[in-house]
Amino acid sequence: MKIRNTVLAGIVFCMALANLSAQQVVPLNWQLRPMFDSTWSIAAKVPGSVYVDLRFAEKIPDPYFGTNENKVTWVDTSSWEYSTEIELTKEQVANPLARLVFEGLDTYAEIWLNDSKLGDCDNMFRAWTFLVKGRLKEGRNTLKVRFLPASRIAKSAYDKLSSKLPIDERVIPRKAQYQFGWDWGPKLIGAGIYKPVYFSFPQKIEFRYSSIRTKSIENNTAKMELELHVQASRKMKLNVKLQELSKLFRLTNLSWAVNKGLNKILIRFEVPNPQLWWPHDYGTPYLYTAQLLLEQESNLLHQSTTKFGIRQVALQRQKDLSGESFLFLVNGKRVFAKGANYIPMDAMPGTVSEQKQRELLLKTRNANMNMIRVWGGGMYESDRFYELCDSLGILVWQDFMFACSFYPGDTSFVKQVEQEIKYQVQRLKGHPSLVLWCGNNEVDEAWFNWGYQKSYGYSQLDSIRIRKEYEKVFHQLIPGMLNQLDPTRPYHASSPLFGWGRKESMTHGDAHYWGVWWGEEPFEKYLEKVPRFMSEYGFQALPNRETMAEMGALSKPVTDSVWKQHQKHSRGFELIEQAMKRYAFVPNHIDDYAYLSQHLQAKAYKMAVEAHRRAKPYCMGTLVWQLNDCWPVVSWSVLDYNLRTKASYHQLKTSYQPIALSVSIKDSAILCYVLNDAQMLGADTLTWSLKSLSGVDLRQGIRPFNLIQDSSQVVLKLPLSDLEGFRKEEVYFQCSIKNQTETLLLSPEMDINWPTTPILVNWKQQGKSWFIELESTGLQKGVMLRAEIPGEFSENYFDLLPNEHKVIRFDAENEDSLKLHFRSLNMLYNQHKNNAQN
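Keep in mind that this is a model prediction, so the values were computed, not measured. (Residues numbered from 1 in each chain as written. Predicted model: local features only at pLDDT ≥ 70, side-chain atom pairs only at ≥ 80, totals over all residues. Heavy atoms only, no water.)

Novice: Teacher, can you tell me more about the overall build of the protein chain here?
Specialist: In terms of regular secondary structure, the protein chain is built from 16 helices and 47 strands. Relative to the compact-globule value of 28 Å for 838 residues, the protein chain shows a C-alpha radius of gyration of 29 Å, a close match. Considering only C-alpha atoms, the protein chain reaches an extent of 90 × 70 × 70 Å along its principal axes. Within the protein chain, the fraction of its 838 residues that count as buried is 61%. For the protein chain, restricting intrachain contacts to residue pairs at least 6 apart in sequence, the fraction spanning at least 24 positions comes to 70%. Roughly 32,800 Å² of accessible area belongs to the protein chain as shown, and the carbon and sulfur atoms make up 49% of that amount. (Helix = DSSP H or I, 4+ residues; strand = E, 2+ residues; numbered from the N terminus. Rg over C-alpha atoms; globule rule 2.2 N^0.38 Å. Buried < 20%, exposed > 50% of the residue type's maximum accessible area, 1.4 Å probe, protein only. Contact = heavy atoms within 4.5 Å. Areas by Shrake-Rupley, 256 points an atom, 1.4 Å probe, with all protein chains shown as cover.)

Novice: Would you mind showing me how to read the pattern of salt bridges here?
Specialist: If the charged atoms of two oppositely charged side chains come close together, the side chains can form a pair. Enumeration over the complete set of coordinates arrives at 56 salt bridges. Between Asp-591 and Arg-823 there is a salt bridge, with the nearest N and O atoms lying 3.8 Å from each other. Placement of the pair is Asp-591 in helix H14 (residues 590-614) and Arg-823 in strand S47 (residues 820-823), with a sequence separation of 232 residues. Classification of Arg-823 as partly exposed rests on a relative accessible area of 28%. Taken together, the salt bridges that share partners define one network made up of Asp-281, Arg-334, Lys-338, Arg-613, Lys-616, Asp-677 and Asp-710. (Salt bridge = Lys/Arg side-chain N within 4 Å of Asp/Glu carboxyl O.)

Novice: Just to check I follow, could you spell out the sheet that holds strand S34 (residues 659-666) for this structure?
Specialist: Two modes of strand pairing occur in sheets, parallel and antiparallel, and in both the strands are linked by backbone hydrogen bonds. Here three strands make up an open sheet; going across it, the order is S34-S35-S38 and the pairing antiparallel. This sheet does not close on itself; its edge strands, each paired only once, are S34 and strand S38 (711-719). Across the sheet, the axes of successive neighbouring strands diverge by a mean angle of 20 degrees, strand direction being ignored. Where strand S35 (residues 669-676) lies against S38, eight bridges are found, and the strand directions are antiparallel. Within the sheet, the bridge partner assigned to Ala-669 lies in S38 and is Pro-719. (Pairing = 2+ DSSP bridges. Axes fitted to C-alpha atoms, helices over the stretch in contact; angles between N-to-C directions.)

Novice: Is there a simple way to think about helix H13 (residues 572-583) in this case?
Specialist: Working note: α-helix, 3.6 residues per turn, so residues spaced by three or four point in the same direction. The terminal C-alpha atoms of H13 lie 17 Å apart, and with 12 residues this matches the ideal 16 Å at 1.5 Å per residue to within 8%. Considered for burial, the residues of H13 that qualify are Gly-572, Phe-573, Leu-575, Ile-576, Ala-579, Met-580 and Tyr-583. Around the axis of H13, the buried residues are gathered within 165 degrees of arc, so they sit on the same side. Along its buried surface, H13 packs onto helix H12 (561-565), H14 and helix H16 (825-837). (Expected span 1.5 Å × (residues − 1). Arc of directions from axis to C-beta.)

Novice: Would you take a moment to explain the pairing of strand S21 (residues 288-296) for this structure?
Specialist: Remark: a regular strand shows side chains that alternate across the two faces of the sheet. Counting buried residues in S21 gives seven out of nine residues, a clear majority hidden from the surface. In this structure, strand S18 (residues 236-244) lies alongside S21, joined through six bridges in antiparallel fashion. Across the sheet, Gln-243 pairs through a bridge with Gln-291, a residue of S21. Of the pairings in the sheet, the one linking S21 to strand S22 (residues 299-308) comprises nine bridges and is antiparallel in character. Each bridged residue has a counterpart across the sheet, and for Glu-295 the counterpart in S22 is Leu-300. The hairpin formed by S21 and S22 contains two residues between the paired strands, and Glu-297 there has a positive phi angle of roughly 55 degrees.

Novice: I would appreciate a short explanation of the packing of aromatic side chains in the present structure.
Specialist: Two numbers describe a pair of aromatic rings. These are the distance of the centres and the angle of the planes. Inspection of the entire model under this criterion finds 51 aromatic pairs. Between Phe-406 and Tyr-452 the ring centres are 5.6 Å apart and the planes differ by 85 degrees, which places this aromatic pair in the edge-to-face class. Pair noted here: Phe-406 is in the loop between strand S28 (395-399) and helix H6 (411-428) and Tyr-452 is in helix H8 (residues 452-455), with a separation of 46 residues, a long-range link. Phe-406 gets classed as buried once you look at its relative accessible area, which sits at 3%. Ring pairs connect the aromatic residues Phe-406, Trp-447, Trp-450, Tyr-452, Tyr-456 and Tyr-458, which therefore count as one cluster. Above the ring of Trp-112, the side-chain terminus of Arg-146 is found at 4.8 Å from the ring centroid. Lying over the aromatic face of Phe-402, Arg-174 brings its terminal NZ or CZ to 4.1 Å of the ring centre. (Phe/Tyr/Trp six-rings, centres within 6.5 Å; stacked < 30°, edge-to-face > 60°. Lys NZ or Arg CZ within 6 Å of the ring centre and 35° of its normal.)

Novice: Please explain the nonpolar core as it appears in this structure.
Specialist: The nonpolar side chains of a soluble globular protein tend to be buried, and buried together. Judged by nonpolar contacts, the single largest core of 173 residues is most densely connected at Leu-100, Phe-102, Leu-105, Ile-111, Val-145, Phe-199 and Leu-542. Element by element, the count of residues in this core is highest for H14, at 12 residues. Counting 25 residues, the second-largest nonpolar core is a separate cluster that includes Met-224, Leu-292, Leu-301 and Ile-310. (Core = buried A, V, L, I, M, F, W, Y, C linked by side-chain atoms within 4.5 Å.)

Structure follows, in structure tokens:
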């Protein structure tokens, strides 16, 4: 077999530094086989997952299709060996600093080089580095990575615990918790080399880490700090040069003495008249590009470019008359956080393309979201992910990887955590988008509210010990390390501050409100339950039709085994149908069922988001659960597994606009709010009218107002008594500012006399774009378009006003003919009415 090597000049660490000081050799042509069966092996992709390789070789069926998840469980109980061969030169073999680096291994692995064991790995959330001088040979070298079954190792250790920890053995390994199954994800525990692996052959020096951070901004000058971690082959003096490419600032000939081994270099510099980095809806996420050079005498040892942003961030938590605030300040300005919770994009780590990752984050920004929370039951994301957030102006709330359980507190486990925290903080701290470290997801809430102490039979001494172990990690170890490694970024020990069953959750800190869904409460409860910062809430909806087909559920009722496999919440369909009965009815056809579920999800998110924004500045953030999926599934997401948009995505895009119009009924009056997170201010006008469903004006008016910066303001309060004399089920309220229009039904949807007038649709093609024209003589609510060819609609899930001529652009991926389908609430209810009459 011919062996091919790839030699790279650089590794990307914090802020995309290209390291020219070390030659790298990336092993290719990997093979995968079961460790205890030498009769077969298959080609393997690295980075990747054993599942993907086995699927590609047709050793297993697609775990995401039908009920195949149940047919691949044997993969998780098997041991797997990755192997490859590489050719090395005499000079590489003689290099005293030669290293083998794995940026990510999932999870329990033995590393073998030329039949010599280098060591064991047991943490998915850190890189593993091995010095290999004396282990290499000129010519062909054999590298093997042997993965042991995480489930068996974890179960063995779990069974030895003196006090069992919730929920099961998943808490033992430092491994992505969602891989053990969640109420939106499959149980595919897996294994694999899920991040890059390479041999590094440094010359005189080698970069390990690098970051640039803002220390302060005073008198229109930013005081910055460059931190470099450099491995040196011997003691020497380095000259450090940092040049901003537009020549706004310059550092030259700063001499720094380094010793043999790993050195930490801190260099402070100033940037006059800095251009600040902002979240995209508050300004420009400006990134500087600088060139970094390291020289010894006249010899260039290292040259790289780096991007960095200048910004300051704070989390304001102040006691007030209502409780305690929870709001982010960026460059001294308060920011209303609008966004969603992010989970890993695939159940199989290492399989997400950069293109798909970029598409997700572009859709996040295009939905007017300015924050995502990287949830603690998943994974720390790739460097590319945070670089994209930097460039797109998306704030990142970063959980450490702990969720919904208690964790061991023994010395070995805590040491693992310490190594993980150090690695991840050093890797990520240079990103201006990252604005918060959070210790865990719902571990504190689980302790106080979920009854684990009783259900697991803890004694008083057990409870004291486990609580002390919790505080040791999340109140001592992590904040202590952050104080040393990243002192300018805020830390929040556990999200939420109080559980949703406690009254303090609405007055102090951040909240996860699950009264709607888990508590079976109506959506209107969101109008009452408004906290200081809502960091989780949600309602489930089915995915889109194409995704249904890809998982083998198309045309099947939700009682089918395929749907049950792809609905991981034990009461999911029951709770969806409970809401359907409350607000509408339960459709018989799966397409109608999916459409109504998405409409109800959008209705819930609209109600919640706008209640949160109307309560500004009492409430200063709203993050829906959840942004995305890790496989085709029924879930709370607004983007399904293949990033197809649900109705709720389009509703959030509207409700998250920097200047948004919101209409509600309270105390027998219609209230029209203008929600302004932008810097715009000045005179404006709101127009309103009461209309028949065919668009005839029955009442109307104009209300001038002054737009106030950074505000939530009521610009119209209209008593319902002023609109009497008309049947509520035959009219609707409409108000407009500039290019925004909101409609409000005055009766429940199920009572409306929905117009039966059709939607007239025409479309024409220009290249790969289609322009779709829609009209109707009656109000059409919740119009949802679907094309049979891949592409994106400029707008979807919208109201078509009576006699309005609306044009929607569809950008297709190819020039195939367009086959268009559409639905609306009118069609849904009128069809149901006709079926009932027949």
